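Structural overview for review
Here is how the chains run, residue by residue.
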Amino acid sequence: MAWDWVVAPVVAGVVGLAGIASTWSIGLRDRKIRSEERKEQRRSEVYIDLLVQVSHDIIDAIPLVGAIGGAVPQPRKPEDGILLSARLEAFGTREVRRRYTALLEEIENIRGLRATIDRRREGTPLVSESEVTQSLSTDELWKVNRAGWQDLLKLRDELTDQIRRELGELPMST
């Protein structure tokens, strides 16, 4: 009879503790899942903004794109670029940041070549022209610039594919 008084409360206590632990574990798992979903949502928003910025930068670097692709969008404010960089740093993966940095470097190369070509056409002295560009004619600079455009578009496609892989739209590369 004494066991009846002890066993029932002990069993009820153990079952109650198991229920509490199970509920806590399920709640923790749900919180982690929701946190990951929010992170993926933020990442996808940053990546869309990044692709829009890339489009703006390419249109600015390659003037023909605007004529072929339709109306040229309004330039973005510098604050938008700073915010995008911060969001990319916070939510983007290292691989996307690396590819975006390579793309920005190619854009700067194209802009530099274009500025060199424009200054030569205007007859303005070139203070900072590199030895490599000094040895090339204007026609040769245009060829290098056009090759840069192709490289830039390839980098954009690689960045886009990387983003699509990370967002689950393309299979991950092995």
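Calculation notes
Residues numbered from 1 in each chain as written. Predicted model: local features only at pLDDT ≥ 70, side-chain atom pairs only at ≥ 80, totals over all residues. Heavy atoms only, no water. Helix = DSSP H or I, 4+ residues; strand = E, 2+ residues; numbered from the N terminus. Buried < 20%, exposed > 50% of the residue type's maximum accessible area, 1.4 Å probe, protein only. Contact = heavy atoms within 4.5 Å. Areas by Shrake-Rupley, 256 points an atom, 1.4 Å probe, with all protein chains shown as cover. Core = buried A, V, L, I, M, F, W, Y, C linked by side-chain atoms within 4.5 Å. Patch = residues over 30% accessible without salt bridge, like charges linked within 9 Å, V, L, I, M, F, W, Y side chains within 5 Å. Salt bridge = Lys/Arg side-chain N within 4 Å of Asp/Glu carboxyl O. Lys, Arg positive; Asp, Glu negative; His and termini not counted. Charge placed at Lys NZ, Arg CZ, Asp CG, Glu CD. Axes fitted to C-alpha atoms, helices over the stretch in contact; angles between N-to-C directions. Parallel < 35°, antiparallel > 145°, perpendicular 65-115°, else oblique. Left-handed = near helix turned anticlockwise from the far one by under 90°.

**Thoughts on the overall build of the protein**
Across its full length, the protein carries six helices and zero strands. Within the protein, the fraction of its 174 residues that count as buried is 25%. Taking the intrachain contacts of the protein between residues at least 6 apart in sequence as the baseline, contacts between residues at least 24 apart amount to 70%. Counting every atom, the protein has about 12,100 Å² of accessible surface; 58% of that belongs to carbon and sulfur.

**Let's talk about the nonpolar core**
Counting residues in hydrophobic clusters, the biggest one holds 22 residues, and the most contacted among them are Leu-50, Leu-88, Val-96, Leu-152 and Leu-159. The set of elements that each furnish at least two residues to this core consists of α1 (2–61), α3 (78–91), α4 (94–122) and α6 (138–166). If we ignore the near neighbours within four places in the chain, the residues touching Leu-152 are Ile-58, Ala-61, Ile-62, Leu-103, Glu-106, Ile-107 and Ile-110.

**Looking at a positive patch on the surface**
Together, Arg-31, Arg-34, Arg-38 and Arg-42 give the surface a local cluster of positive charge. As for its position among the elements, Arg-38 is in helix α1. Since its relative accessible area comes to 44%, Arg-38 is described here as partly exposed.

**Observations concerning the pattern of salt bridges**
Oppositely charged side chains are able to pair whenever their charged atoms sit close together. Here the structure, examined in full by the defined rule, presents 10 salt bridges. Glu-158 is paired through a salt bridge with Lys-154; the nearest N and O atoms lie 4.0 Å apart. Separated by four residues within a single helix, Glu-158 and Lys-154 lie in helix α6, roughly one turn from each other. Of the residues examined, Lys-154 reaches a relative accessible area of 51% and is grouped as exposed. One network of salt bridges, with partners in common, ties together Glu-95, Arg-98, Arg-99, Lys-154 and Glu-158.

**Concerning the packing of α4 against α6**
Where α4 contacts α6, the axes come no closer than 9 Å and their chain directions differ by 160°. In terms of orientation, α4 and α6 fall into the roughly antiparallel class. Our pair here, α4 against α6, has a crossing hand that is left-handed.

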